[in-house]
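# Chain and residue survey
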Amino acid sequence: TRWPVETTVRDQLYDRIPLSAPELALIGARPFLRLEQIQQLGFVSRVWPGARHTRYEHSLGVLHLARLAVDHLRSTPEGAWITDLDARTIAAAALLHDVGHYPFSHAIEELGPPILPHETVGRRLIERDPIASILTRGWAVDPARVAAIIDPQRQSLPEPDRVLRSVLSGPLDVDKLDYLPRDARACHVPYGGVDTARLIDSIRIAEIDGERRMVVGDKGVSPLHSLINARQEMFDNVYW
């Protein structure tokens, strides 16, 4: 089940992204709103002036794709174990996965110690108010669980959360599925093409060596190759 739609935002990639009251509460929190001021690609806009899109719209896009991916997995026999609570938890993690980013995005983080990784900063923001109270009361999810999916650190996630985390962070994840085409469009370069719909339709959960993992079916192999190539092309030609 999903909360009633309160409003809809218009996105350059997906057109309409419906949002509920709990999602709007999280988006309206000051730690999230600051993402409107953080360029997705940092100093890349010095070379591609159009690349002034922000972590804010990227986060909304990742939420949208995470909901689609989880809905699809839950429709399969192997993913029927995913509960409403699990779905809300990974949706919250998708929306908040970049909440700890610094100004200029990775440029500051790559300076190294004592600069903390943005995931660690995000964990601290998620586990305290106002975000923690919104997650607890409005979303009925555990802020510590959301934070752990984003920033596992040295702790071992339980198997359900390892599978859920792979939706958000892994070889094939909704983070890449959003930022590659979004960045390519902003930079107006012919790279970053991804068949997002077909990839999401092809994901499955399979047991490999006694452990559940997210995999792609046969029809997802070709678009997965395209995703890998798009990522390499964007790194070679834009990010680096």
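Our subject is the structure listed above.
These lines cover the structure that appears in this document, whether it is placed above or below. Predicted, not measured: the structure shown is a model, and the values here were computed from it.

### Looking at the overall build of the chain
Each helix and strand counted, the chain has twelve helices and four strands in total. Relative to its length of 240 residues, the chain is compact, with a C-alpha radius of gyration of 17 Å against a globular reference of 18 Å. Dimensions of the chain along its principal axes, counting C-alpha atoms only, are 45 × 45 × 40 Å. A total of 240 residues make up the chain; the buried ones form 52% of that total. Considering only residue pairs separated by 6 or more positions, the chain has 63% of its internal contacts joining residues 24 or more positions apart.

### Looking at the pattern of salt bridges
According to the stated counting rule, one finds 13 salt bridges in the structure shown. The shortest N-O distance in the salt bridge between glutamate 23 and arginine 67 comes to 2.9 Å. With a gap of 44 residues between them, glutamate 23 in helix α1 (residues 21–27) and arginine 67 in helix α3 (residues 55–74) connect regions that are remote in the sequence. The buried category is assigned to glutamate 23, whose relative accessible area is 3%. Taking the shortest distance from any N to any O, the salt bridge between glutamate 211 and arginine 162 comes out at 3.4 Å.

### Digging into helix α10 (residues 174–187)
The end-to-end C-alpha distance of α10 is 20 Å, a good match for the 20 Å that 14 residues give at a rise of 1.5 Å each. N-capping of α10 is provided by aspartate 173, with a side-chain oxygen placed 3.1 Å from the backbone N of aspartate 175. Once α10 ends, the next one or two residues include histidine 188, with phi positive near 55 degrees.

### Observations regarding the side chain of arginine 67
What makes arginine 67 buried here is its relative accessible area of 7%. Only 2.8 Å separates the side chain of arginine 67 from the backbone oxygen of proline 18, close enough to count as a polar contact. The contact partners of arginine 67, leaving out residues within four places of it in the chain, are Arg2, Ile17, Pro18 and Glu23.

### Considering the environment of tryptophan 81
With respect to the helices and strands, tryptophan 81 occurs in the loop between α3 and α4 (84–96). Expressed as a C-alpha distance, the spacing of tryptophan 81 and proline 181, which sit 100 residues apart in the sequence, is 31 Å. From its side chain, tryptophan 81 meets the backbone oxygen of glutamate 78 in a polar contact 3.0 Å long.

### Examining unusual backbone geometry
Looking along the chain, the bond that leaves proline 113 and enters proline 114 is cis, with omega of 5 degrees. Note that proline 114 resides in the loop between α5 (106–109) and α6 (118–126). Cis peptide bonds are those with omega within 30 degrees of zero, and the linkage from aspartate 129 to proline 130 qualifies with 10 degrees. Along the chain, proline 130 falls in the loop between α6 and α7 (131–139). Positive phi values are uncommon outside glycine, yet histidine 188 reaches one of about 55 degrees.

### Considering the side chain of histidine 53
Residue placement: histidine 53 occurs in the loop between α2 (30–33) and α3. Classification of histidine 53 by relative accessible area gives buried; the value is 5%. Engagement of the side chain of histidine 53 in a polar contact is seen with the side chain of aspartate 183, the distance being 2.7 Å. Not counting chain neighbours up to four residues away, the residues in contact with histidine 53 comprise Ile38, Gln39, Gln40, Leu41, Arg182, Asp183 and Ala186.

### Regarding the packing of α6 against helix α8 (residues 143–150)
Where α6 contacts α8, the two axes come as close as 9 Å, and the packing angle between them is 175 degrees. Judged by the inter-axis angle, α6 sits roughly antiparallel to α8. Between α6 and α8, the contacting residues are Glu119, Arg123 and Ile126 on the first element and Pro143, Val146, Ala147, Ala148 and Ile150 on the second. Split by residue class, the contact of α6 with α8 holds six nonpolar, no polar and two charged.

The rules we used
- Residues numbered from 1 in each chain as written.
- Predicted model: local features only at pLDDT ≥ 70, side-chain atom pairs only at ≥ 80, totals over all residues.
- Heavy atoms only, no water.
- Helix = DSSP H or I, 4+ residues; strand = E, 2+ residues; numbered from the N terminus.
- Rg over C-alpha atoms; globule rule 2.2 N^0.38 Å.
- Buried < 20%, exposed > 50% of the residue type's maximum accessible area, 1.4 Å probe, protein only.
- Contact = heavy atoms within 4.5 Å.
- Salt bridge = Lys/Arg side-chain N within 4 Å of Asp/Glu carboxyl O.
- Expected span 1.5 Å × (residues − 1).
- Polar contact = N/O pair within 3.5 Å; in protein donor to acceptor, adjacent residues only side chain to side chain.
- Axes fitted to C-alpha atoms, helices over the stretch in contact; angles between N-to-C directions.
- Parallel < 35°, antiparallel > 145°, perpendicular 65-115°, else oblique.
- Nonpolar A, V, L, I, M, F, W, Y, C, P; charged D, E, K, R; others polar.

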